[in-house]
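Chain by chain, the residues:
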Amino acid sequence: MTSAPDRPLRLAIIGAGPAGVYTADLLTKAERDFEVSIDLFDRYPAPYGLIRYGVAPDHPRIKGIVKALHKVMDRGDIRFLGGVDFGTDITLEDLREHYDAIVFSTGAIKDADLHIPGTDLQGSFGGADFVSWYDGHPDVPREWPLTAREVAVIGNGNVALDVARMLSKHADDLLVTEIPENVYQGLKSSPITDVHVFGRRGPAQVKFTPLELRELAHSKDVDLVLYPEDFEFDAASEEAATSNNQIKTMVGTLTNWLVEEQDTGASRRLHLHFLQQPVEILEGEGEQAGSVAGLRMERMELDGTGNVKGTGEFTDYPVQAVYRAIGYHGSEVPGLGYDERRGVIPNDAGRILGADGAPVPGLYASGWIKRGPVGLIGHTKGDALETIGCLLEDQPGLWTARNPDEQAVLDLLESRGIDYTSWEGWLALDEHELALGAEASSTGPVARERVKVVEREEMTRISRGILTHHA
Ligand code: NAP
């Protein structure tokens, strides 16, 4: 075992979302008897991962977490290197050469698979893909086919609520947010009238959170529609509704919506259905062949434990699009093991495990790629703390980098022609987006704080100081 030499521990963190920034911040603040030097990489030119590309634009409170992350990064003791794709631009071998330890905080951005017939039809979408589109993710197409009048959203988690809200809200009511112009235009053209959200279990088994659920009632010109036959509670539901405050609140909210008159004659409706399990996405005929024309659901009943069993009773809903919002799934990280079922890197409290099941020295994980796509953003802090704890325990043996010089990794990126971006670059892009917001406010109908730049090349150009005609 080597002891800490007289140079800082070089740490690379892959992924500059909340998990990566919290991990970097907690390590810089941790009690330790050695210096650290941290590089925070991201494949995108801008930082903030899930907050920039996963949180719905009409959630300014959650987007506001960016302020805390900004403060951390703006201190100047963590170096941001954006626009660097792990696995292509830089490999595990490269990182081993330049760093003593590496933390993977790559998150989860893919949709979990739904195994029913018809998911490949045109008009069947992953909720996570739609989120990427409306959040102006640089790697998704700019156009989204918003042609359906009736739409189904499968799932009873907060992502299903985000997707349903974004689909049902009028585009003009989203103009105050940071939505990019193409998203505003896309949503503006949508002929949608009805959004049906389906949960496979009952109202006491929803995975929503109370605040996000209540927010549904605040969309202008959108009526909520609920169905008495869906309000079934078994012993486990009663128990959950008395012992869990969140469930109690949400069951109360849903029941009030059921009994109070919600029909105001709005031009759009958001239906909440429970105890309906998707069985098949139905294909159209004739000109509609190859496209979604409906969704077949099976009525479920509670089995006493909060789980459900099928009743054999089926209903076909005429919808022209289906959004699957049944959870996220982490992607395989090149060179590391992968738990296909859970979508995580196999790890023990954040120590990455090799094929033999033993920890691989110097490799760690934090955030959703460590524990799976569950919990709110704040929960990631505790998880990062656990990973940092492991690293601090292991540190006497970590000083292994052959070329730890801070400039060496920049030289490597430059030698490969990689247009990496920096923290100063992000500040320039941030300022540019705020200026676009100010410009839109002075010429448009509402005040806009920010308008996001979407194209990767444009983000990179602005970050690297080569401003375009928008400047
Ligand atoms: P989630 O909370 O795990 O919800 C997934 C939903 O999909 C559950 O209702 C689940 O039902 C359902 N589901 C799973 N497999 C299904 C199947 N085969 N058929 C039908 N339904 C199925 O996942 P999420 O909505 O993706 O959210 C991920 C995390 O991000 C959560 O912690 C969430 O709170 C957080 N988030 C928060 C916000 C916010 O605004 N605060 C916004 C977005 C996301 P069962 O319960 O029956 O399994």
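No experiment lies behind these values; they were computed from the predicted model shown.

### Quick word on a negative patch on the surface
Part 1 of the reasoning: A grouping of D405, E406, D411 and E414 is seen on the molecular surface, where their side chains present a negatively charged patch.
Part 2 of the reasoning: In this structure, D405 sits in the loop between α13 (379-394) and α14 (406-415).

### Comments concerning the sheet that holds strand β16 (residues 347-348)
Part 1 of the reasoning: The strand order across the open sheet formed by seven strands is β3-β2-β1-β4-β18-β17-β16, and the pairing between neighbours is mixed. Two strands close off the open sheet at either side, each with one partner strand: β3 (78-81) and β16.
Part 2 of the reasoning: The sheet contacts of helix α1 (residues 18-29) involve β1 (9-14), β2 (36-41), β3 and β4 (101-104), and relative to β2 the element is tilted by about 175°.

### With respect to the domain arrangement of the chain
Part 1 of the reasoning: We note that the domain assignment places domain 1 (9-109 + 330-420) and domain 2 (110-328) within the chain.
Part 2 of the reasoning: Here the C-alpha centroids of domain 1 and domain 2 sit 33 Å apart.
Part 3 of the reasoning: At the interface, 20 residues of domain 1 touch 24 residues of domain 2.
Part 4 of the reasoning: At the boundary of domain 1 with domain 2, the tally comes to five salt bridges.

### Notes on the site of the ligand
Part 1 of the reasoning: By nearness alone, 24 residues border the ligand, and N156, N158, R200, R201 and G375 come closest of all.
Part 2 of the reasoning: One of the backbone N or O atoms of V159 is found 3.1 Å from an oxygen atom in the ligand.
Part 3 of the reasoning: One of the side-chain N or O atoms of R200 is found 2.8 Å from an oxygen atom in the ligand.
Part 4 of the reasoning: Considered on its own, the ligand offers 920 Å² of accessible surface; in the complex 83% of this is hidden by protein.
Part 5 of the reasoning: Examining the composition of the shell around the ligand, we find that three residues originate from one element, helix α7 (residues 158-168), more than from any other.
Part 6 of the reasoning: Partitioning the shell around the ligand into residue classes produces twelve nonpolar, seven polar and five charged.
Part 7 of the reasoning: No fewer than three residues from each of domain 1 (9-109 + 330-420) and domain 2 (110-328) sit in the shell around the ligand.

Analysis parameters
- Residues numbered from 1 in each chain as written.
- Predicted model: local features only at pLDDT ≥ 70, side-chain atom pairs only at ≥ 80, totals over all residues.
- Heavy atoms only, no water.
- Patch = residues over 30% accessible without salt bridge, like charges linked within 9 Å, V, L, I, M, F, W, Y side chains within 5 Å.
- Areas by Shrake-Rupley, 256 points an atom, 1.4 Å probe, with all protein chains shown as cover.
- Salt bridge = Lys/Arg side-chain N within 4 Å of Asp/Glu carboxyl O.
- Lys, Arg positive; Asp, Glu negative; His and termini not counted.
- Charge placed at Lys NZ, Arg CZ, Asp CG, Glu CD.
- Helix = DSSP H or I, 4+ residues; strand = E, 2+ residues; numbered from the N terminus.
- Pairing = 2+ DSSP bridges.
- Contact = heavy atoms within 4.5 Å.
- Axes fitted to C-alpha atoms, helices over the stretch in contact; angles between N-to-C directions.
- Domains from an automatic or database assignment.
- Near = heavy atom within 4 Å.
- Polar contact = N/O pair within 3.5 Å; in protein donor to acceptor, adjacent residues only side chain to side chain.
- Nonpolar A, V, L, I, M, F, W, Y, C, P; charged D, E, K, R; others polar.

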